[in-house]
Amino acid sequence: MNFQQNIVCPDYNHSNLGIISSVLNYYAVPSSTKSSADVDSLLVQKHPRNVIFLLIDAMGTGILNRHLPEDSFLRSHRRGDLTAVYPCTTVCVTSSFFSGLQPVSHAWLAWSLYFKEWDECIEVFPYRDAFTGEPIDPNEKNILDFMGFRTIFEQIEAAADRKIKIDCIFTDVARPRLVQIAGDHLTKAHTLEELFQNIELKCAEEGDHFIIGYWKSPDDLLHNNGLSHESVTEFLSKTDSLLEQYAPRFSDAVGIISADHGMQDIFNHFHLDQISPLSELMNHYPSGDPRAKAISVIPEKEDLFASRFERELGDEFILLSADEFLRRGFLGEGPLHPKVKDFLGSFIALGVGHSDLLYAPPGAKSPKEFKGHHAGLTEDEMQVPLILF
């Protein structure tokens, strides 16, 4: 296998989760992940009444550099780069953000996870069957029975005796799980400018605020159109212009902007169900994301599967056993959540090229073949900016 590709592994001493650790530290809440020195310094220097964290989905460093000039607001306020939590996919990264935990301890590892309790792959943020798209009744199958966590909002409120007002201002199409996490703190915004207007209003209110803003783009644009499409340039240019307009109006505030992950162009789609030398050795549905695929193999067939995988897909993916994946710290450090090993299965296939791994059992809906995707180990997927104002 050629390991000379541009691979970036997660570094939890310099990760986007460190932003949350800095916020927690500011509100005197213990955190287990190393905080961001740049964010710590700015919070100490300004000691703001309002702390704003703006999460722009998939706005990786490579995306910024590709679509905006150096003198743009976003690029000129960039303090450096961070690695994404891994797997670098919204489910996993935002679960770390909202729990303060590294993935090894919260187990929300991917868009789709295999639950052995029901022999079913579930898309855990929209809460639906991964292969049929049918909604799942949480009264019958409640994944929170396995995977609930104490949110950072609860932790901050407890430490501050509820004296810090928490506001979640999210895109109006935020997934059900994000709406659930935000709870009573949620305000929905129909446009990006409405999101910024709401932040301005919250900052003007009396008292101290921790404000999280989340916007769906450019993730949706990149998935559908690829990394170089003009719609991405248009969106980021508009975002940049709005921030230049609104940032000075956020009173007594420190603003932090980053992304959950970046994105990679996808040129090849491999369907595992159509690669019989591999699929015949699997003992249940694969899950995970298309560039971080968890595969469970028939016992004592692991070596055969690994050799066949290398022959079929070794130029585009690195295959690690679940044990090696954990040992090398891809999911970070901390108490091992009891569901993690279930979800990982036997192997994890990590994207390092321009391909993804798809799967559909007989009778299932056809999986989407996106032009852009994430959750792999390339620099464009793993590197995210730290932007401060």
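Calculation notes
Residues numbered from 1 in each chain as written. Predicted model: local features only at pLDDT ≥ 70, side-chain atom pairs only at ≥ 80, totals over all residues. Heavy atoms only, no water. Disulfide = S-S within 2.5 Å. Phe/Tyr/Trp six-rings, centres within 6.5 Å; stacked < 30°, edge-to-face > 60°. Helix = DSSP H or I, 4+ residues; strand = E, 2+ residues; numbered from the N terminus. Buried < 20%, exposed > 50% of the residue type's maximum accessible area, 1.4 Å probe, protein only. Lys NZ or Arg CZ within 6 Å of the ring centre and 35° of its normal. Axes fitted to C-alpha atoms, helices over the stretch in contact; angles between N-to-C directions. Parallel < 35°, antiparallel > 145°, perpendicular 65-115°, else oblique. Contact = heavy atoms within 4.5 Å. Nonpolar A, V, L, I, M, F, W, Y, C, P; charged D, E, K, R; others polar. Pairing = 2+ DSSP bridges.

K.L.:
Which parts of the structure should I look at to understand the state of the cysteines?
P.N.:
Every disulfide links exactly two cysteines, by a covalent bond between their sulfur atoms. For the coordinates displayed, the defined rule picks out zero disulfides. For the unlinked cysteine Cys-9, the closest cysteine sulfur is that of Cys-88, found at 11 Å. Cysteine Cys-203 shares no disulfide, and the gap to the nearest cysteine sulfur, in Cys-168, comes to 14 Å.

K.L.:
Mind showing me how you'd approach the packing of aromatic side chains here?
P.N.:
Aromatic rings considered in pairs are described by the distance between their centres and by the relative angle of their planes. Applying the stated rule across the entire model yields 23 aromatic pairs. A centroid spacing of 5.0 Å and a plane angle of 65 degrees characterise the contact between Phe-131 and Tyr-285, whose relative ring orientation is edge-to-face. Taken as a pair, Phe-131 in the loop between β5 (128-129) and α7 (144-147) and Tyr-285 in the loop between α13 (276-279) and β12 (287-289) lie far apart in primary sequence, 154 residues in all. Residue classification places Phe-131 among the buried residues on the basis of a relative accessible area of 11%. A relative accessible area of 27% means that Tyr-285 is categorised as partly exposed. Here the aromatic cluster, defined as three or more aromatic residues joined through ring pairs, consists of Phe-98, Phe-153, Phe-170 and Tyr-214. The ring of Tyr-246 has Arg-249 lying over it, and the distance from NZ or CZ to the ring centre is 4.3 Å. Of note, Lys-339 hangs over the ring of Phe-146, and the distance from its end group to the ring centre comes to 5.1 Å.

K.L.:
Can you walk me through the packing of helix α5 (residues 90-99) against helix α8 (residues 152-159) in this structure?
P.N.:
Relative orientation and spacing of two packed helices are given, respectively, by the angle between their axes and the distance between those axes. Closest axis-to-axis distance for the α5/α8 pair is 6 Å, and the angle between their directions is 10 degrees. Accordingly, the angle class assigned to the pair α5 and α8 is roughly parallel. Of the residues in α8, those in contact with Phe-97, Phe-98 and Ser-99 of α5 are Ile-152, Phe-153 and Gln-155. Along the lines of polarity and charge, the residues of the contact of α5 with α8 split into four nonpolar, two polar and no charged.

K.L.:
What should I look at first to understand the sheet that holds β5 in this one?
P.N.:
Through backbone hydrogen bonds, the strands of a sheet pair up, either in parallel or in antiparallel fashion. Across the sheet, three strands lie side by side as β3-β4-β5; this open sheet has antiparallel pairing. Two strands in the sheet have a free side with no partner beyond their single neighbour: β3 (112-115) and β5. With two bridges joining them, strand β4 (residues 120-123) and β5 adopt antiparallel strand pairing. Within β5, the position partnered with Glu-123 by the bridge is Arg-128.

By themselves, these are just geometric observations and shouldn't be taken as functional.
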